[in-house]
Amino acid sequence: MNERKPAAANLDEATFARLLKKKALDFGKGKAALRVKHLGIWQETSWQEYYEKVGLFSLGLVSLGIEKGDTVAILSNNRPASLYALIGTEVAGGIPVALHQDATSAEVCAHLQQFNVKYVLAEDQEQVDKLLENPQTPSYLQKIIYANPRGMREYHDKRLVSLEQLNSFGSLLKEKEPGKIEQLIMQGESADTAVICTTSGSSGAPRGAMLTYSNIIGMAANFCSSAGMRKSDEFVSFLPLAWFGEMMMSVAAALHTGFTVNFPESSDTVMADLREIGPHIIFAPPQIWEKIAATVQVKMMESTPFKRFMYNSFMPIGERFADARLAGKPISLFSRIQFGIARLALMGALRDRLGLSRIREALTGGSALGPDAFRFFHAMGVNLRQVYGLTEVSGVACMHGSDDIKGGTVGLPLPGTEVSISGNGEILLKSPGIFKGYYGDEAASSAALKDGWLHTGDAGSLDTNGHLTVTDRLENIFKLPDGSLLAPQFVESKLKFSPYIGEALLIGADRPYLTALVCLNGKLIGKWAGDNKLSYSTYSDLVAKPEVYDFIEKELAKTNHELPENSRIKRFTLLYKELDPDDDEITRTGKVRRQIVEKRYHEVISALYSGAEAIDIDTVFDLQDGRSARIQSRILFRNLL
């Protein structure tokens, strides 16, 4: 059990709206709460304006007839309006649920039915079309509020209301009942359901976890204290609000601490806007950190001979420093001096190009980050810390301390959190942040919550110092021919450290040896093909070429050399398409749906173990939006020594 005391959270302010009201009183118009880039210009919203806009949204919902407990879906990229909708829904007595903005129409409508959604905030015409064009949109959906009016002039559905109209309804009600907002805020209680958060759905259909204000705000207080967040900090919100880590940061942590949340102009300008802001805090899942690491490696391949010389000369110094630090070994004065020189010569400029020049708190969570990528950032001088948690525990359970980063672990439990390991190796959690249950699914709630403990479904262990190591999902661990157990996640993460490999799936349960399905990074392998004058028409055409197999075989051989003998891959093949969330192969947060992929590519897996040198594929995929896609390709199989 963790003996540290939890951070104090004032229960009188334990709703998002009450925290926002207090920050508006504390900071008024003198400090930016939100900042969004529009047409190249950063536009600020003060804490006072934030509070007022939330109030207008909430009163607008009341004018539309929202009732207590009604569910409001937010279908939008990260924008200030998304936060106004989330907190404004609370004030009006509703329950918000954020959906992934890149979800298909079928996915969106399935969630509307799953959560009995009565109102939707849709960012623009694209999101509105997902609702209006699908016959599965529930008839009880009352209003669709759209934020961006572009392209909406010819739309006449009676359910449509612009955000501007909604705010005007709110203004009229505010004039009529000046004290209405404060009255509504005081009706909210800490035990109320604050949000419904969708789980990743990596091992099944996504569920809706119901979290209370007490759950989230109490966890935010402990998280902010443990992470050392400050009101002067800058944070860039570029991940979906449907990922609870983003909601924790841009809503709960920001309201608790008072730091500024910045929104990039678009998904295409994230890296440039990140560099412009120079945030002090980043909390992102492994997929983001892996992409950044891959970007650096690719840029170095394309850079001048002098820059490659600098990188190849100083990066090994950083790697040796990181290895010693992550292993808890003493670092000599000479090594510290070497690392200091490397930071001046290379690391500082590198971090600046990535927008990490002012980073004080770099955090990763949601799933395990591979050891190679973790080492890479520490070698670069970024003090990256692992966070372990689940949506069901309000996002955070364990975290590395700033000066207690132990490679291979996810750190110690946060204050107020207990961790236990069951007889079969499952991680069990007990915390004030544990959710109320899954929306509309009592059976799943009962299975997850037993005797006050959350059964995570993750396998792990605790060391003598209390650090938690997360191995993999229990269901993914398999036995090798020699009787030992293997977590495929460890091998897969090492494979994905190659910038050319987008995803990798290790196969070997009840098999005589290990094989791998490899999905390439289409953009990078395409560039490699161009540089090597290799012509191709489509992705499936490119990855069928022997030259590509030759190249990837060398990449896999490097990883194999670093693995224990019993964990080495004997055969591999390249998938003829990239894994896609629209095809239900990966989640919207980037986690591979192992069972679905293994079932879909069962013919390929069988050939991996049959000794075949190649097979021809002619297959049709039924996509979630109702369309079909036909792929014809030739798949090769290679042995690895």
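The structure contained in this document is the topic of the report that follows. None of the values given here were measured: they were computed from a predicted structure. The residue numbering used here restarts from 1 in each chain and proceeds along that chain's sequence as written. The predicted nature of this model means local features are confined to residues of pLDDT at least 70 and side-chain atom pairs, given and counted, to a pLDDT of 80 or more, with totals for whole chains, interfaces and linings taken over all residues. Only hydrogens and water are set aside; all other atoms, that is, all heavy atoms of the structure, feed into the side-chain values.

Comments concerning a positive patch on the surface
And then number 1: Like charges within 9 Å and nonpolar side chains (Val, Leu, Ile, Met, Phe, Trp, Tyr) within 5 Å are joined into patches, using only residues over 30% in relative accessible area that form no salt bridge. Here the accessible surface of atoms and residues is derived via Shrake-Rupley with a 1.4 Å probe, and residues count as covered only by protein chains that are part of the display. Salt-bridge detection follows one rule: a side-chain nitrogen of Lys or Arg within 4 Å of a carboxyl oxygen of Asp or Glu. His residues and chain termini do not enter the charge count, which takes Lys and Arg as positive and Asp and Glu as negative. Think of each charge as sitting on NZ of Lys, CZ of Arg, CG of Asp or CD of Glu. On the surface, a cluster of positive charge is made up of Lys 299, Lys 307, Arg 353 and Lys 523.
And then number 2: A helix here means a DSSP run of H or I that spans at least four residues, while a strand means a run of E at least two residues long, and both kinds are numbered starting from the N terminus. You can see Lys 523 is positioned in helix α17 (residues 522-531).

With respect to the sheet that holds strand β26 (residues 514-520)
And then number 1: Ordered in space as β25-β26-β27-β30, the 4 strands form an open sheet in which the pairing is mixed. Among the strands making up the open sheet, the edge pair consists of β25 (501-507) and β30 (638-639).
And then number 2: Note that β25 and β26 share 6 bridges and pair antiparallel. Paired with Ile 507 across the two strands is Thr 515, which belongs to β26.
And then number 3: By the convention used here, residues are in contact when the closest approach between their heavy atoms is within 4.5 Å. Lines fitted to C-alpha atoms define the axes here, with helix axes fitted over just the stretch in contact, and angles between the N-to-C directions of these axes take values from 0 to 180 degrees. Against the sheet, helix α21 (residues 602-610) engages β25, β26 and β27 (569-574), with an angle of about 135 degrees to β26. Strands were regarded as paired on the criterion that DSSP finds at least two bridges between them.

As for unusual backbone geometry
And then number 1: In this model, Asp 451 sits at a positive phi of 55 degrees, which is unusual for a non-glycine residue.
And then number 2: You can see Asp 451 is positioned in the loop between β20 (449-450) and β21 (453-462).
And then number 3: In this structure, Asp 510 is a non-glycine residue whose phi angle is positive, near 60 degrees.
And then number 4: Relative to the helices and strands, Asp 510 is located in the loop between β25 and β26.
And then number 5: The buried label goes to any residue with under 20% of its type's maximum accessible area, the exposed label to any with over 50%, and the partly exposed label to all in between, with areas taken from a 1.4 Å probe on protein chains only. In this structure Asp 510 comes out as exposed when scored by relative accessible area, which is 79%.

Observations regarding the environment of Val 543
And then number 1: Here Val 543 is to be found in the loop between α18 (539-542) and α19 (546-562).
And then number 2: Residue classification places Val 543 among the buried residues on the basis of a relative accessible area of 2%.
And then number 3: Taking the C-alpha atoms as reference, Val 543 lies 9.1 Å from Gly 522; in sequence the two are 21 residues apart.
And then number 4: Every residue in contact with Val 543, bar those within four places of it in the chain, is listed here: Leu 520, Val 548, Tyr 549, Leu 574, Leu 575 and Tyr 576.

Description of the nonpolar core
And then number 1: To define a nonpolar core, start from buried Ala, Val, Leu, Ile, Met, Phe, Trp, Tyr and Cys residues and group those joined through side-chain atoms within 4.5 Å. Counting residues in hydrophobic clusters, the biggest one holds 131 residues, and the most contacted among them are Phe 16, Tyr 50, Phe 223, Met 229, Phe 377, Met 380 and Tyr 388.
And then number 2: The greatest single-element share of this core, amounting to 9 residues, is contributed by helix α9 (residues 244-257).
And then number 3: Every residue in contact with Phe 377, bar those within four places of it in the chain, is listed here: Trp 289, Ile 292, Ala 293, Leu 356, Val 382 and Leu 384.
And then number 4: Ranked by size, the runner-up nonpolar core spans 53 residues in total, among them Ile 507, Leu 520, Ile 525 and Leu 579.

None of this, on its own, says anything about what the molecule does.
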